Amino acid sequence: MSTDELDPAGIDLSDINGFWSRPIEYRHAAFDALRARPGLPFYAEPDFSFGQPGPGYYALTRLDDIVTASRTPAVYISGEGAAGAVDFPVELREFYGSMINMDDPRHGRLRRIVSRGFTPKMLDALTDNVSQVATRIVDEVIESGECDAVADLAAKLPLTIICDMMGIPASQHRFVFDTTNVILGTQDPEYVPDRSNIFQAFLDAGQDMANLVRELAKLRAEHPTDDLISKLTNAEIDGESLTPDELASFFILLVAAGNETTRNAISWGIDLLTKNPEQRTAWLADLDGVTPTAVEEIVRWASPVIFMRRVLAEPAELSGQRLEPGDRVLMFYWAANRDPAHFEHPERFDVRRSPNPHIGFGGPGPHFCLGAHLARREITVMFRELLTRIPDIHATAEPARLSSQFINGIKRLPVAFTPGGTM
Ligand code: HEM
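The following paragraphs examine the structure supplied in this document. (Residues numbered from 1 in each chain as written. Predicted model: local features only at pLDDT ≥ 70, side-chain atom pairs only at ≥ 80, totals over all residues. Heavy atoms only, no water.)

**Here we look at the sheet that holds strand β3 (residues 76-77)**
Then, number 1: The 5 strands lie next to each other as β1-β2-β8-β5-β3, forming an open sheet whose pairing is mixed. Here the strands that pair on one side only, and so sit at the sheet edges, are β1 (42-43) and β3.
Then, number 2: Pairing geometry for β1 and strand β2 (residues 57-60), over 2 bridges, is antiparallel. Looking at β2, one finds that Tyr43 is bridged to Tyr57.
Then, number 3: Against the sheet, helix α2 (residues 63-71) contacts β2, β3 and β8 (328-332), and its axis sits at roughly 120° relative to β8. (Pairing = 2+ DSSP bridges. Helix = DSSP H or I, 4+ residues; strand = E, 2+ residues; numbered from the N terminus. Contact = heavy atoms within 4.5 Å. Axes fitted to C-alpha atoms, helices over the stretch in contact; angles between N-to-C directions.)

Below you can see the structure in the form of structure tokens.
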């Protein structure tokens, strides 16, 4: 679909069941049309059954605008809520008021404490575990020659790693998986079937997660281990530790941010290799050389987090549009990652793309994804495992997409490969 066919005036980014359920190609064409029009398009807020009715938002679709906003956190603030299009009611803030929705000095303090769990040294120590888990995941399906790439391959790696890091026992992994599906899938009737009570489902999911982490924290206070919960609660990290509420909301952020995103990147990657066989051939021909650029290209293409929000604290101007304090902007990473001002042939999936200045992990600034290194490592290890052991893995149907304005998710993706694998 070409941009000329689309009238920007007919596009409504707040129409969850209309706009966000249409084919991906339409979505790309719509954002191309919005990017090409002068100024910034403005939208009323989506109609959720919870959240205060707000004044609406400007959509940022150009990479330069999003970089400017991310880089200027004193003007474009997160403390009024960044992870969603609407203001959260106070009842939800106990569980969902994590550092992604904070500004300095509170954000800086929390980020300093939790970053200790994400140093390169910690990640090196994790790498062996990531590889072993990936091998086990492929072992479990390799003889069958078919599986669901989301549940059986892509979801298991980030879930197991994040739970192992936090010290969540294997018996609770399924619970964490189901609960994060509710937290990030509230717009999808499959995850929250009772559409009259989305608010309650969201609140209960936060409450259940908080209860799990509080119980674990109590156990670790008595018997510390080397997991992240022990480090963050008992922890003398520069003499600082997290309060029980801070720990609960950080934990919810981490499992939500760390699971769904990486899961979707891996699932989209498998779909992309199916639809672009020449890219698979190029990758297989030079696995070591191509993997780093291929991983970045998958994140650019998938853009698993579609947007983050900022609220103006001071007057500013973007793309010729004057913004006033209290105005809201949604930074559509999804659109910026196809901005022709920065990407040659942005519509092409090119595993050797270089340079690739995508902002799938956020723009440069204090909120840049804390788990970016871990996510890159997980995607790298998973594709190495797939491309060496079952290199002909391919989707046998179109992905079943999550209905969401916020997460570019896949719920199911049937795949097939030579049973037992090929050497
Ligand atoms: C492909 C996978 C991933 C993508 C695309 C992704 C994307 C993002 C984006 C767009 C942001 C917001 C940046 C901003 O507001 O400026 C973010 C923040 C964050 N991500 Fe990720 N993420 C991924 C994986 C992970 C993983 C594996 C973890 C942890 C295990 C993680 C933890 C976080 C945290 C804690 C924040 C909040 C940082 C802050 O506010 O200071 N993410 N991520």
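There is more to say after this.
**Comments concerning the site of the ligand**
Then, number 1: By nearness alone, 27 residues border the ligand, and His107, Arg111, Arg310, His367 and Cys369 come closest of all.
Then, number 2: A distance of 2.9 Å is found between an oxygen atom of the ligand and a side-chain nitrogen or oxygen belonging to Arg310.
Then, number 3: For the shell around the ligand, the secondary structure elements donating two or more residues are α4 (106-115), α11 (244-275), β5 (307-312) and α15 (372-389).
Then, number 4: Among the elements that take part in the shell around the ligand, α11 stands out by supplying 6 residues, more than any other.
Then, number 5: When its residues are assigned to classes, the shell around the ligand shows 17 nonpolar, 8 polar and 2 charged. (Near = heavy atom within 4 Å. Polar contact = N/O pair within 3.5 Å; in protein donor to acceptor, adjacent residues only side chain to side chain. Nonpolar A, V, L, I, M, F, W, Y, C, P; charged D, E, K, R; others polar.)

**A short note on the sheet that holds strand β9 (residues 394-395)**
Then, number 1: Read across the open sheet, the 3 strands follow the order β4-β12-β9; overall the sheet is antiparallel. Only two strands of the sheet have a single partner each, and these edge strands are β4 (146-148) and β9.
Then, number 2: Examined bridge by bridge, β4 and strand β12 (residues 414-416) share 3 bridges and lie antiparallel to one another. Counterpart to Cys147 in the pairing with β12 is Val415.

**Side note on the coordination of the iron atom of the ligand**
Then, number 1: On the protein, Cys369 (SG) is the one donor atom to the iron atom of the ligand, at 2.3 Å.
Then, number 2: Relative to the assigned elements, Cys369 resides in the loop between α14 (333-336) and α15. (Donors = N, O, S within 2.8 Å, 3.2 Å for Na, K, Ca; no water.)

**Here we look at the packing of aromatic side chains**
Then, number 1: Scanning all chains against the criterion turns up 12 aromatic pairs.
Then, number 2: Ring centres of Phe31 and Phe332 lie 5.1 Å apart, and the angle between their planes is 45°; this geometry places the pair in the tilted category. Of the two residues, Phe31 is situated in helix α1 (residues 24-36) and Phe332 in strand β8; the sequence distance between them amounts to 301 residues. This pair shows no difference in class: Phe31 is buried, exactly as Phe332 is.
Then, number 3: A ring pair is formed by Phe307 and Phe406, whose centres lie 5.1 Å apart and whose planes are at 65°; its orientation type is edge-to-face. (Phe/Tyr/Trp six-rings, centres within 6.5 Å; stacked < 30°, edge-to-face > 60°. Buried < 20%, exposed > 50% of the residue type's maximum accessible area, 1.4 Å probe, protein only.)

**Section: the pattern of salt bridges**
Then, number 1: Within the structure shown, the criterion is met by 21 salt bridges.
Then, number 2: The partner of Arg62 in a salt bridge is Asp65, and the shortest N-O contact between them spans 3.7 Å.
Then, number 3: A relative accessible area of 7% places Asp65 in the buried class.
Then, number 4: Note that Arg384 is salt-bridged to Asp288, the shortest N-O span being 1.9 Å. Of this pair, Arg384 sits in helix α15 while Asp288 sits in helix α13 (residues 287-302); the two residues are 96 residues apart in sequence, bridging distant segments of the chain.
Then, number 5: Relative accessible area serves as the criterion here: at 31%, Arg384 is assigned to the partly exposed category.
Then, number 6: Bridged by salt links that share partners, the residues Glu45, Asp87, Arg309 and Arg328 form one connected network. (Salt bridge = Lys/Arg side-chain N within 4 Å of Asp/Glu carboxyl O.)

**So, helix α12 (residues 277-285)**
Then, number 1: Among the residues of α12, Gln279, Arg280, Ala282 and Trp283 are the ones counted as buried. Looking straight down α12, one finds its buried side chains confined to an arc of 165°; they lie on one side. More than 90 degrees from the buried face of α12, the exposed residues found are Thr281 and Ala285.
Then, number 2: For α12, the elements touching its buried residues are α11, α13, α15 and β9. (Arc of directions from axis to C-beta.)

**Points about the nonpolar core**
When a protein is soluble and globular, its nonpolar side chains tend to lie buried together.
Then, number 1: Residues Leu13, Leu153, Ile270, Trp283 and Phe332 are the most contacted members of the largest nonpolar core, which totals 144 residues.
Then, number 2: A per-element tally of this core places α11 first, with 15 residues.
Then, number 3: Excluding anything up to four places from it in sequence, Phe332 contacts Leu13, Trp20, Phe31, Ala59, Leu60, Ile66, Ile306 and Phe307. (Core = buried A, V, L, I, M, F, W, Y, C linked by side-chain atoms within 4.5 Å.)

**Details of the side chain of Glu246**
Then, number 1: Position of Glu246 among the secondary structure elements: in helix α11.
Then, number 2: Once residues within four sequence positions are removed from consideration, Glu246 is found in contact with Arg109, Leu110 and Ser241.

**Details of the packing of helix α7 (residues 156-166) against α11**
Each pair of packed helices gets described by two things: the angle between the helix axes and the distance between those axes.
Then, number 1: Close contact between α7 and α11 brings their axes to 9 Å; oriented N to C, the two are set at 155°. As the angle between them shows, α7 and α11 are arranged roughly antiparallel. As for how α7 packs across α11, the hand of that crossing is right-handed. Listed contacts from α11 to Pro158, Leu159, Ile162 and Met166 of α7 are Phe251, Leu254, Val255, Gly258, Asn259, Thr262 and Arg263.
Then, number 2: Partitioned by chemical class, the residues of the contact of α7 with α11 number 7 nonpolar, 3 polar and 1 charged. (Parallel < 35°, antiparallel > 145°, perpendicular 65-115°, else oblique. Left-handed = near helix turned anticlockwise from the far one by under 90°.)

**Structural notes on the pairing of β2**
Then, number 1: Here β2 shows a buried face lined by Tyr57 and Ala59 and a second buried face lined by Tyr58 and Leu60.
Then, number 2: Summarising the sheet, β2 and β8 pair through 3 bridges and their orientation is parallel. Its bridge partner being in β8, Tyr58 is matched across the sheet by Val329.

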